[in-house]
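Chains, contacts and geometry: an overview
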Amino acid sequence: MSTDLLIDDDVAGTGPTTAGAGAADRFAARAARVAEVAARHADEVDRDARPPREAIAAMKEHGLLAAAVPTALGGEGATLTELSAIATTLGRACAATGMVFAMHHGQAMALWRHGGVGLGITAMTEAVLAGALVASSTTEKGIGGDARRSTCAIETSAAGRIHLHKEAPVISYATEADAVFVTARRDAGAAPSDQRLVVCLPEDTTLTQTSTWDTLGLRGTCSHGWVLDAETHEDRVLRDDYATISARTVLPVSHVLWASVWTGIAAAAADRARSAVRKQARAAVGTTPPGALRLAELLVELQTLADAVRHAAERFDRAAEDPSVLESPASALAANALKVAASERVVDIVTAAMRVVGIAGYAASGPLSTARHLRDAHGAAVMVSNDRLLHNDAALALMSGAIL
């Protein structure tokens, strides 16, 4: 990152150490190396709508996919605050890379927090420690984006074998994943909300593509539609029910890490706005460039977003082992509030940056272009619809107020 960035460098987790930021430093150098790889290929990944394979390989090489594995299991035990800083650094370089990192951890952390001691779960945890990439299949044809309901069910056969058949409208980076974690009803007679999470390995799974991911932004996540058929063993079903997994881990972790990536997108756009204003200042020494005031306003918004994300990550870390907090309506409200607010604010910040830069920011390419950033930013509000979350919040708000 450029040494002339001040607030922006701190937002990315690579600037001067501040109170509460020191813990992120042990991953900063590795995250920066992966971000350098991701940035080199970001435009190509976006243009060709292909997975960020080089960055995924670099994440494996530098141990970022294994960062959160607990020290008791041989890992580094990264906190969510540390993961958030990594996600922002990666998102700043390439939004698709950041989202792969974020989505991976939203699922992988369920293994040691909810998986139990089955051989299949233990083996998958060891695989993550070795660098395995996890994808997820939680949405399903016919239920929209409601991850808390399933149509498909776990079908049990002899000798502990189970079968799954799921029509998934979206599985991100499925072709690159070393496992797909799949939600399904506990059995054929279970209610749609009585779900379990199943680890499906490539050798046990057949994926048949049903749609193509040709989108405005976040193109490198390659979130195609698939029909998934898996024949596996019951020891690859996580111990806890999915309602518990979602409340204690998947929902809060995912929303913090997604918002962290979006903060990275916003910071990257702010970088370009600042470069443009500095260029104006050098061209007219002794005068204040016309974009300087707008840049100052933009940095206020960026800092506010970054602080909100950090606060949410730290709040999770304080309550990480307290089910009474994580399963409360207030906790769900807070996680949803972060997602909704961050997904709206990132668009506003990137749009403001484009206007500061001017026509060079509006250009489709070039060193000051914010086109990719703006397209990626618009994906934030529709990946798990904000309207769906606000509808859920309407009921939660009757039971609890905000966590202040």
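Residues numbered from 1 in each chain as written. Predicted model: local features only at pLDDT ≥ 70, side-chain atom pairs only at ≥ 80, totals over all residues. Heavy atoms only, no water.

Here's the deal with the overall build of the chain
In terms of helices and strands, the chain carries 13 helices and seven strands. In terms of overall size, the chain behaves like a compact globule, its C-alpha atoms giving a radius of gyration of 21 Å where 404 residues would be expected to give roughly 22 Å. C-alpha extents for the chain along the principal axes are approximately 80 × 45 × 40 Å. Residues counted as buried form 55% of the 404 residues belonging to the chain. Partitioning the contacts of the chain with sequence separation of at least 6, the portion at a separation of at least 24 is 76%. Total accessible area on the chain is roughly 16600 Å²; 57% of this is exposed by carbon and sulfur atoms. Looking at the chain, you have 37 positive and 46 negative side-chain charges, and the mean spots of the two groups are 4 Å apart. (Helix = DSSP H or I, 4+ residues; strand = E, 2+ residues; numbered from the N terminus. Rg over C-alpha atoms; globule rule 2.2 N^0.38 Å. Buried < 20%, exposed > 50% of the residue type's maximum accessible area, 1.4 Å probe, protein only. Contact = heavy atoms within 4.5 Å. Areas by Shrake-Rupley, 256 points an atom, 1.4 Å probe, with all protein chains shown as cover. Lys, Arg positive; Asp, Glu negative; His and termini not counted. Charge placed at Lys NZ, Arg CZ, Asp CG, Glu CD.)

Some details on the layout of surface pockets
Approximately 490 Å³ is the volume attributed to the second largest pocket. Lining the second largest pocket are 20 residues, with Ala39, Ala93, Arg272, Arg372 and His373 sitting closest to its centre. Within the residue set of the lining of the second largest pocket, elements represented by two or more residues are helix H2 (25-48), helix H4 (80-93), helix H7 (242-283) and helix H12 (371-378). For the lining of the second largest pocket, the element with the highest residue contribution is H2, accounting for six residues. (1 Å grid on protein atoms, 1.4 Å probe; cavity = no way out; pocket = protein on both sides within 12 Å on 5 of 7 lines; lining within 4 Å. Points joined across faces, edges and corners; volume = space filled by probe spheres on them.)

Some words on the confidence of the model for the chain
On average, the chain scores 92 in pLDDT, and the residues at 70 or more come to 94%. Throughout residues 1-21 the model reports pLDDT below 50, and contacts reaching past four residues in sequence, or to other chains, amount to 40 contacts. (pLDDT = per-residue confidence, 0-100.)

Quick word on unusual backbone geometry
Even without being glycine, Ala159 reaches a positive phi, approximately 55°. Assessed through its relative accessible area of 69%, Ala159 is described here as exposed. One non-glycine residue, Tyr173, adopts positive backbone phi at about 40°. Here Tyr173 is to be found in the loop between strand E3 (161-171) and strand E4 (179-185). On the basis of relative accessibility, which here comes to 2%, the residue Tyr173 falls in the buried class.

A short note on the sheet that holds strand E5 (residues 195-200)
Sheet strands associate in pairs through backbone hydrogen bonding, adopting either a parallel or an antiparallel arrangement. Spatial ordering of the open sheet is given by E1-E4-E5, a layout of three strands whose pairing is mixed. Either end of the sheet is taken by a strand with one partner, and the two such strands are strand E1 (134-137) and E5. For this sheet, the mean inter-axis angle between neighbouring strands, taken without regard to orientation, is 25°. Both E4 and E5 contribute to a ladder of six bridges, which runs antiparallel. The residue of E5 that forms the bridge with Val182 is Val198. (Pairing = 2+ DSSP bridges. Axes fitted to C-alpha atoms, helices over the stretch in contact; angles between N-to-C directions.)

A short note on the sheet that holds strand E6 (residues 205-211)
Taken in spatial order, the four strands make up an open sheet running E2-E3-E7-E6, and their pairing is antiparallel. Of all the strands in the sheet, just strand E2 (155-156) and E6 have a single pairing partner and so form its edges. The pairing of E3 with strand E7 (residues 224-233) spans nine bridges and is antiparallel. If you follow Ile162 over to E7, its bridge partner there is Thr232.

Quick word on the environment of Glu203
By secondary structure assignment, the location of Glu203 is in the loop between E5 and E6. Residue class for Glu203 comes out exposed when judged on its relative accessible area of 61%.

Some points on the packing of aromatic side chains
Per the counting criterion, the structure on display carries one aromatic pair. Taking 6.4 Å as the distance between ring centres and 45° as the angle between the ring planes, the aromatic pair formed by Trp258 and Trp262 counts as tilted. Here the residue Trp258 and the residue Trp262 both occupy positions in helix H7, the gap between them amounting to four residues, near one helical turn. The exposure class of Trp258 is buried, given its relative accessible area of 10%. (Phe/Tyr/Trp six-rings, centres within 6.5 Å; stacked < 30°, edge-to-face > 60°.)

As for the pattern of salt bridges
If you walk through the whole model with that rule in mind, you get 23 salt bridges. In this structure, the salt-bridge partner of Arg47 is Asp48, at a minimum N-O distance of 2.9 Å. Among the ionic contacts, a cluster of salt bridges with common partners joins Arg186, Asp187, Asp194 and Arg196. (Salt bridge = Lys/Arg side-chain N within 4 Å of Asp/Glu carboxyl O.)

Quick notes on the pairing of E5
Of all six residues in E5, six are buried; the element is thus mostly enclosed. Where burial is concerned, the two faces of E5 agree: the one with Gln195, Leu197 and Val199 and the one with Arg196, Val198 and Cys200 are both buried.

A short note on the nonpolar core
Judged by nonpolar contacts, the single largest core of 114 residues is most densely connected at Met59, Leu83, Met124, Val199, Trp262 and Val346. Of all the elements, H7 adds the most residues to this core, at 18 residues. With near-sequence residues (within four places) excluded, Trp262 lies in contact with Met99, Lys339, Ala342, Ser343, Val346, Ala380 and Met383. (Core = buried A, V, L, I, M, F, W, Y, C linked by side-chain atoms within 4.5 Å.)

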